[in-house]
Amino acid sequence: MNPTPATPTIPGYLAGTWKADPARCEITFSVRQVLVSKVRGRFTGHDVTIVTGEDPPGSSVAATIDLASVDTGNERRDAHLRSAAYFEVEEYPTMSYRSTGIRRTGEGWFVDGELTFHGITRQVPLAVAVKGFGPDPSGGRRASFSATARINRRDFGIDIAMDGTGLVVGEKVSVGLEIEAVLQE
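Residues numbered from 1 in each chain as written. Predicted model: local features only at pLDDT ≥ 70, side-chain atom pairs only at ≥ 80, totals over all residues. Heavy atoms only, no water.

A. Representation of the nonpolar core within the structure. Counting residues in each nonpolar core, the largest one holds 45 residues, and the members touching the most others are Phe-43, Ile-50, Phe-87, Leu-115, Phe-117, Leu-126 and Ile-179. It is strand 12 (residues 169–183) that contributes the most residues to this core, 6 residues altogether. (Core = buried A, V, L, I, M, F, W, Y, C linked by side-chain atoms within 4.5 Å. Buried < 20%, exposed > 50% of the residue type's maximum accessible area, 1.4 Å probe, protein only. Helix = DSSP H or I, 4+ residues; strand = E, 2+ residues; numbered from the N terminus.)

B. Fine view of the packing of aromatic side chains. Within this structure, the stated rule accounts for 7 aromatic pairs. A ring pair is formed by Trp-18 and Phe-133, whose centres lie 5.5 Å apart and whose planes are at 75°; its orientation type is edge-to-face. A residue pair is termed long-range when its members are at least 10 positions apart, and Trp-18 in strand 1 (residues 16–20) and Phe-133 in strand 10 (residues 126–135) qualify at 115 residues. Between the aromatic rings of Phe-133 and Phe-145, the centroid separation amounts to 5.9 Å while the plane-to-plane angle is 90°, which identifies the pairing as edge-to-face. Linking Phe-133 in strand 10 with Phe-145 in strand 11 (residues 141–152), this pair joins segments that are 12 residues apart in sequence. An aromatic cluster is present here, built from Phe-29, Phe-43, Phe-87, Phe-117 and Phe-156 joined pairwise through their rings. (Phe/Tyr/Trp six-rings, centres within 6.5 Å; stacked < 30°, edge-to-face > 60°.)

C. Examining the pairing of strand 4 (residues 46–52) more closely. The side-chain alternation of strand 4 yields one buried face, formed by His-46, Val-48, Ile-50 and Thr-52, and one unburied face, formed by Asp-47, Thr-49 and Val-51. Bridging between strand 1 and strand 4 involves 4 bridges; their strand directions are antiparallel. The residue bridging Lys-19 from the neighbouring strand is Thr-49, located in strand 4. Across 6 bridges, strand 4 lies against strand 5 (residues 60–66) in antiparallel orientation. Each bridged residue has a counterpart across the sheet, and for Thr-49 the counterpart in strand 5 is Ala-62. (Pairing = 2+ DSSP bridges.)

D. Fine view of the side chain of Thr-52. Following the sequence through the fold, Thr-52 ends up in strand 4. Accessibility expressed as a relative area gives 6% for Thr-52, which makes it buried. Within the structure, the side chain of Thr-52 is placed 2.9 Å from the side chain of Trp-18, a separation counted as a polar contact. Contacts of Thr-52, omitting those with residues within four sequence positions, involve Tyr-13, Leu-14, Ala-15, Gly-16, Trp-18, Ser-59 and Phe-133. (Polar contact = N/O pair within 3.5 Å; in protein donor to acceptor, adjacent residues only side chain to side chain. Contact = heavy atoms within 4.5 Å.)

E. Expanded view of the pairing of strand 3 (residues 37–43). Here 7 bridges tie strand 2 (residues 26–33) to strand 3, and the two strands are oriented antiparallel to one another. Directly across from Arg-32, in strand 3, lies its bridge partner Lys-38. Where strand 3 and strand 6 (residues 70–71) come together, 2 bridges link them in antiparallel fashion. Opposite Phe-43, over in strand 6, you have Val-70 as the bridge partner.

Just distances and angles here, no functional claims.
Dropping the structure here:
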């Protein structure tokens, strides 16, 4: 009988502290608008730190996102998102995520964690794909991850008044992350 490791091997896996490379990361969102279209956007200002443990479930993630950095490709809409009607960036300038655990389920990884947004903290799991660990062109090491989540804007106190024409903005917001991080020496 051969012993089976508690967690599967991730090729090139390396324990350490990793900082997201802002030029090679993308934090995006999409939400239904007027029931038929989707608004897509991204946040260009963020700070993400990943600590990979000797064993993957012993790892952690911490992220802070600058809400004023929202970019939907429409400056008027971006200004509206920054306003008191949505993000209230003057009172809540950032959104943050802190992992509380990492687990393997079936063929994927999940990061359990707490999202603090608009002054409210809720549990939000991230479905994560480990894309790889490898050499950096400048001689260092890089790691790459993709993650997705879905949140309900109402869970974070963002209740948009209806204008009598029906639901203008959907409640469910899809979040996507493409993170490429550099090992810190």
